Amino acid sequence: MRKAVGLALVLAVAGLALAQKVPDPPKAYPPGELGELVKLGEAIIMQTDTHPLTKAYVGDKLQCKSCHLQGGKTKNKYATFIGTAAVFPAYSPREKAVVTLEDRILNCFMRSMNGTRPPVASKASVAMAAYITWLSTGIPIQQNSKKPVGLYSMPWPDPAIAKLVKSGKVDVKHGEQVYMQKCAACHGKDGQGVGTFPPVWGPNSFNAGAGMANVIKGASWAKYNMPFGNPNLTDQEAVDVMAFINSHPRPSFKLTDHLPPADKLGVYNSNVPEQIIPAPTWPPAKK
Ligand code: HEC
Ligand code: HEC
C-alpha cells in the first residue's frame with residue numbers, strides 16, 4: 001500500500017515536471033489565408049513600433065519581441081507565447097473581468113508599449129491573436145481562473161524573487177554593479193540602449209503601468225531571460241538589477257490617457273475605469 005502511494009507520488013511529480021517542459025513551437029504555418037494572417041501577426045510582434053498597422057499605437061521604442069524573445073517562440077519562462085492561448089478567456093485581477101486573448105494583447109499597447117489601445121477585431125489585433133494561438137497548437141485548453149498568464153508562466157511571479165523583495169532584501173548599489181558588469185554593454189550606461197538593443201529606462205522605455213516596472217515582476221522575467229542569450233542571474237542579482245533599473249525615471253501611467261477617444265474605443269472589457277501609477281523609484285518614495 002505504502003509502495004503504491006510512493007509510486008503514485010513519483011509519477012505525479014514526474015508528470016508535473018513533464019507538464020512544466022515547454023514544447024517546441026509548431027513547425028509549419030497553417031495553409032491559406034489563416035497562414036498569411038499568422039505570418040502578419042508574427043511580423044507585427046517582431047516590428048511593433050515600426051509596423052504600418054501598429055506604429056500609431058506605440059509610444060516607445062520597443063517591440064513585443066523585446067520581452068517575448070524570438071517573438072514568443074522562446075522556451076524561456078515568462079517570455080514564451082507557447083501555451084499562452086490555451087488559458088484564455090482568463091480572469092484578470094487587474095481588469096476585475098474575464099478577458100480574452102485579444103483583450104490581453106491590446107492592453108499591452110497601453111503599458112509595455114506606452115501607447116494607445118488598438119480596436120478589438122482590427123486586422124492587427126486578429127493577426128496577433130492568430131499568431132499567438134497558432135503557437136499553442138496541440139496544447140490542451142486549460143483556462144486560468146486566477147491570472148491571464150500562460151501555462152508555462154505559472155506560478156507568476158517567481159516565488160523566490162517575490163520572497164526576497166517582500167522581505168526587503170533589495171540592494172540598489174549592488175544592482176548598479178550588476179548592471180555595469182552584465183547589462184550596460186547592450187543597454188548602455190545611460191540605459192538608453194546601444195544600436196538595436198532596447199532602452200531600459202527613460203522616455204522611450206515601457207511605462208510605470210507595465211509589469212516590467214514592478215521590481216518583483218521585472219526580476220522574475222530577468223531571471224529567466226537576461227543577459228540576452230545567456231540568462232545567468234542569481235535571484236539576488238535579478239532583484240537588485242531591476243531595482244537599479246527602476247530607480248531611474250520613466251513615463252508614469254494614467255489609464256485613461258492610453259484609451260482612444262470613445263468613438264474609436266469599441267468595447268473596453270474592464271471593470272477598472274481608471275488607474276494611476278507614478279513612475280517607480282527604488283527605494284519607493286515616502287508617502
Ligand atoms: C517591456 C516588456 C514587455 C513588452 C514590450 C511586451 N510584454 Fe507582454 N508581457 C510581459 C511580461 C513581463 C508578461 C508577464 C509574464 C508572463 O507571465 O508571461 C507579459 C505577458 C503577456 C501576455 C500573457 C501571456 C503569458 O503567457 O503570460 C501576453 C498575451 C502578452 N504579454 C502580449 C504582448 C504583446 C502582444 C506585446 C506587444 C504588443 C507585448 N506583450 C509586449 C512583458 C512585455
Ligand atoms: C548581449 C546583449 C544584452 C545583454 C548583455 C543584456 N541584454 Fe537585455 N536585452 C537585449 C536584447 C537584444 C533585448 C530585446 C530582445 C530582442 O529584441 O530580441 C533585451 C531586452 C531587455 C529588457 C526588456 C526590454 C527593454 O528594453 O526594457 C530588459 C528589461 C532587459 N533586457 C534587461 C537586461 C538586464 C537587467 C541585463 C543584465 C543583467 C541585460 N538586459 C543584459 C540584449 C542584452
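Look a little higher up for the structure.
For the structure given in this document, a descriptive report is provided here.

Rules used in this analysis
Residues numbered from 1 in each chain as written. Chains lettered and ligands numbered in written order. Predicted model: local features only at pLDDT ≥ 70, side-chain atom pairs only at ≥ 80, totals over all residues. Heavy atoms only, no water. Donors = N, O, S within 2.8 Å, 3.2 Å for Na, K, Ca; no water. Tetrahedral: all angles 85-135°; square planar, octahedral: opposite > 155°, others 65-115°. Helix = DSSP H or I, 4+ residues; strand = E, 2+ residues; numbered from the N terminus. Buried < 20%, exposed > 50% of the residue type's maximum accessible area, 1.4 Å probe, protein only. Near = heavy atom within 4 Å. Polar contact = N/O pair within 3.5 Å; in protein donor to acceptor, adjacent residues only side chain to side chain. Salt bridge = Lys/Arg side-chain N within 4 Å of Asp/Glu carboxyl O. Contact = heavy atoms within 4.5 Å. Axes fitted to C-alpha atoms, helices over the stretch in contact; angles between N-to-C directions. Parallel < 35°, antiparallel > 145°, perpendicular 65-115°, else oblique. Left-handed = near helix turned anticlockwise from the far one by under 90°. Nonpolar A, V, L, I, M, F, W, Y, C, P; charged D, E, K, R; others polar.

### Considering the coordination of the iron atom of ligand 2
Right, on to step 1. The protein atoms that coordinate the iron atom of ligand 2 are His187 (NE2) and Met226 (SD), at distances of 2.0 to 2.4 Å.
Right, on to step 2. For the iron atom of ligand 2, the 6 donor atoms in the first shell make angles of 86 to 179° at the metal, a pattern classed as octahedral. With His187 in helix α7 (residues 184-187) and Met226 in the loop between α8 (215-225) and α9 (235-245), this pair connects stretches of sequence that are 39 residues apart.
Right, on to step 3. For His187, a relative accessible area of 13% puts it in the buried group.

### Notes on the site of ligand 2
Right, on to step 1. The full set close to ligand 2 counts 21 residues, and Cys183, Cys186, His187, Pro199 and Met226 are the nearest of them.
Right, on to step 2. Between ligand 2 and Lys65, the relevant distance is 3.0 Å, taken from an oxygen atom to a side-chain nitrogen or oxygen of the residue.
Right, on to step 3. In the environment of ligand 2, an oxygen atom lies 2.6 Å from a nitrogen or oxygen atom belonging to the backbone of Pro199.
Right, on to step 4. Within the residue set of the shell around ligand 2, elements represented by two or more residues are α7 and α9.

### Some thoughts on the pattern of salt bridges
Right, on to step 1. Under the definition given, this model contains 10 salt bridges.
Right, on to step 2. Between Lys182 and Glu237 there is a salt bridge, with its nearest N and O atoms 3.2 Å apart. Of the two residues, Lys182 is situated in helix α6 (residues 172-182) and Glu237 in helix α9; the sequence distance between them amounts to 55 residues.
Right, on to step 3. The partly exposed category is assigned to Lys182, whose relative accessible area is 26%.
Right, on to step 4. Its relative accessible area of 16% is what places Glu237 among the buried residues.
Right, on to step 5. Asp235 is the salt-bridge partner of Lys223, the closest N and O atoms lying 2.9 Å from each other. You can see Lys223 sitting in helix α8 and its partner Asp235 sitting in helix α9, a full 12 residues away along the chain.
Right, on to step 6. Judged by relative accessible area, Lys223 falls into the buried class, the value being 19%.
Right, on to step 7. One continuous salt-bridge network, built from bridges that share partners, spans Asp158, Lys223 and Asp235.

### Quick word on the side chain of Glu237
Right, on to step 1. Here the side chain of Glu237 touches Lys182 through a polar contact of 3.2 Å, side chain to side chain.
Right, on to step 2. Setting aside residues no more than four positions away along its own chain, Glu237 makes contact with His174, Val178, Lys182 and Asn232.

### Observations regarding the coordination of the iron atom of ligand 1
Right, on to step 1. Protein coordination of the iron atom of ligand 1 is limited to a single donor, His68 (NE2), which sits 2.1 Å from the metal.
Right, on to step 2. Within the secondary structure layout, His68 lies in the loop between α2 (32-46) and β1 (90-92).

### Points about the packing of helix α5 (residues 159-166) against α9
Right, on to step 1. Closest axis-to-axis distance for the α5/α9 pair is 10 Å, and the angle between their directions is 60°. On the basis of the axis angle, α5 is oblique to α9. Crossing hand, α5 versus α9: right-handed. Where α5 abuts α9, its residues Ala160, Ile161, Leu164 and Val165 lie against Asp235, Gln236, Ala238 and Val239.
Right, on to step 2. Class assignment for the residues of the contact of α5 with α9 results in 6 nonpolar, 1 polar and 1 charged.

### Quick word on unusual backbone geometry
Right, on to step 1. Residue Pro89 follows Phe88 across a cis peptide bond; omega there is -10°.
Right, on to step 2. The residue Pro89 is located in the loop between α2 and β1 in this model.
Right, on to step 3. Here the amide bond leading from Met226 into Pro227 is cis, since omega sits at -5°, within 30 degrees of zero.
Right, on to step 4. For Pro227, the location among the structural elements is in the loop between α8 and α9.
Right, on to step 5. For Tyr78, which is not glycine, the phi torsion reads 65° and is therefore positive.
Right, on to step 6. Structurally, Tyr78 is set in the loop between α2 and β1.
Right, on to step 7. Positioned with a positive phi, Ala121 is a non-glycine residue whose angle comes to about 70°.
Right, on to step 8. Relative to the elements of secondary structure, Ala121 occurs in the loop between α3 (101-110) and α4 (123-134).

These figures capture arrangement, not role.
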